[in-house]
Amino acid sequence: VDGTGNVNVFTSLVLDGIGQPHISYQGNGDLKYAHFDGSSWQVQTVDSTGDVGAFNSLALDEEGRPHISYYDYTNHDLKYAHLSGTAWISDTVDGTGSVGYYTSLVLDAADRPHISYSGYGGLKYAHFDGSAWISETVDSDGGIYTSLVLDMAGRPHISYFIWNTRNLKYAHFD
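Residues numbered from 1 in each chain as written. Predicted model: local features only at pLDDT ≥ 70, side-chain atom pairs only at ≥ 80, totals over all residues. Heavy atoms only, no water.

(A) Highlighting the overall build of the protein. The secondary structure content of the protein amounts to 0 helices and 15 strands. Computed over the C-alpha atoms, the radius of gyration of the protein is 16 Å, within 12% of the 16 Å expected from 2.2 N^0.38 for a compact globule of 174 residues. Seen through its C-alpha atoms, the protein measures out along the principal axes to roughly 45 × 35 × 30 Å. By residue count, 45% of the 174 residues in the protein fall in the buried class. (Helix = DSSP H or I, 4+ residues; strand = E, 2+ residues; numbered from the N terminus. Rg over C-alpha atoms; globule rule 2.2 N^0.38 Å. Buried < 20%, exposed > 50% of the residue type's maximum accessible area, 1.4 Å probe, protein only.)

Okay, here's the thing in structure tokens:
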């Protein structure tokens, strides 16, 4: 897929509607995106502002466009990028303390992003309401290795691990 330099361990894989692979990953300190177009791999740099792209999570919207949540090591922020037409647009979702580890991204029925993540303040959840990002703490005891899904009503459900107690936990919004 990509043999140019130091490709890191942070990867996320999804298949599109026709079964073609799409991968987000950190490469040479940048957030990268690759997809197979049926004959070859197409690789793009999504964000190269500092050391970015760790703990990334990839989702495709209804049109097959990629959306990626990720950690910005340089600024210690949770970031989100999506491909809008031909240009990548990147936003800082949460910049309060060091946040954005272990992200899990899903899109709702309106293709709006929802992200679970950890960092300063514990396990957190953020979503875009159409005009602004809303972020809240789910568990102040922490939480790593997050996995997020939305139920049929669009409510978040998150599984995560508490390091100091070695417990698997589950949280949902009722």
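(B) Inspection of the sheet that holds strand E5 (residues 52-60) at higher detail. Taken together, 4 strands build an open sheet; the order of strands is E5-E6-E7-E8 and the sheet is antiparallel. This sheet does not close on itself; its edge strands, each paired only once, are E5 and strand E8 (87-94). Neighbouring strand axes in the sheet, compared pairwise and without regard to direction, differ in orientation by 25° on average. The pairing of E5 with strand E6 (residues 66-72) spans 6 bridges and is antiparallel. Bridging across to E6, Ala-54 finds its partner in Tyr-71. (Pairing = 2+ DSSP bridges. Axes fitted to C-alpha atoms, helices over the stretch in contact; angles between N-to-C directions.)

(C) Quick peek at the environment of His-76. Along the chain, His-76 falls in the loop between E6 and strand E7 (77-84). C-alpha of His-76 to C-alpha of Gly-95: the two residues are 19 residues apart in sequence and 7.0 Å apart in space. Beyond its immediate stretch of four places on either side in the chain, His-76 contacts Tyr-71, Gly-97, Ser-98 and Val-99. (Contact = heavy atoms within 4.5 Å.)

(D) Spatial organisation of the nonpolar core. Within the largest apolar cluster, 11 residues are counted, these being Ala-59, Leu-78, Tyr-80, Val-93, Val-99, Leu-105, Leu-107, Ile-115, Tyr-117, Ala-126 and Trp-133. Per-element accounting of this core gives the leading share, 3 residues, to strand E9 (residues 99-107). Counting 10 residues, the second largest nonpolar core, distinct from the first, contains Ile-68, Tyr-70, Ala-81 and Leu-83. (Core = buried A, V, L, I, M, F, W, Y, C linked by side-chain atoms within 4.5 Å.)

(E) Representation of the pattern of salt bridges within the structure. Following the criterion strictly, the structure yields 5 salt bridges and no others. A salt bridge links Asp-61 to Arg-65; the nearest nitrogen and oxygen atoms lie 2.9 Å apart. Asp-61 sits in the buried class, given a relative accessible area of 7%. Linking Lys-169 and Asp-139 is a salt bridge whose minimum nitrogen-to-oxygen distance equals 2.9 Å. Note that Lys-169 is positioned in strand E15 (residues 167-172) and Asp-139 in strand E12 (residues 133-139), a separation of 30 residues in sequence. Given the relative accessible area of 8%, Asp-139 is considered buried. (Salt bridge = Lys/Arg side-chain N within 4 Å of Asp/Glu carboxyl O.)

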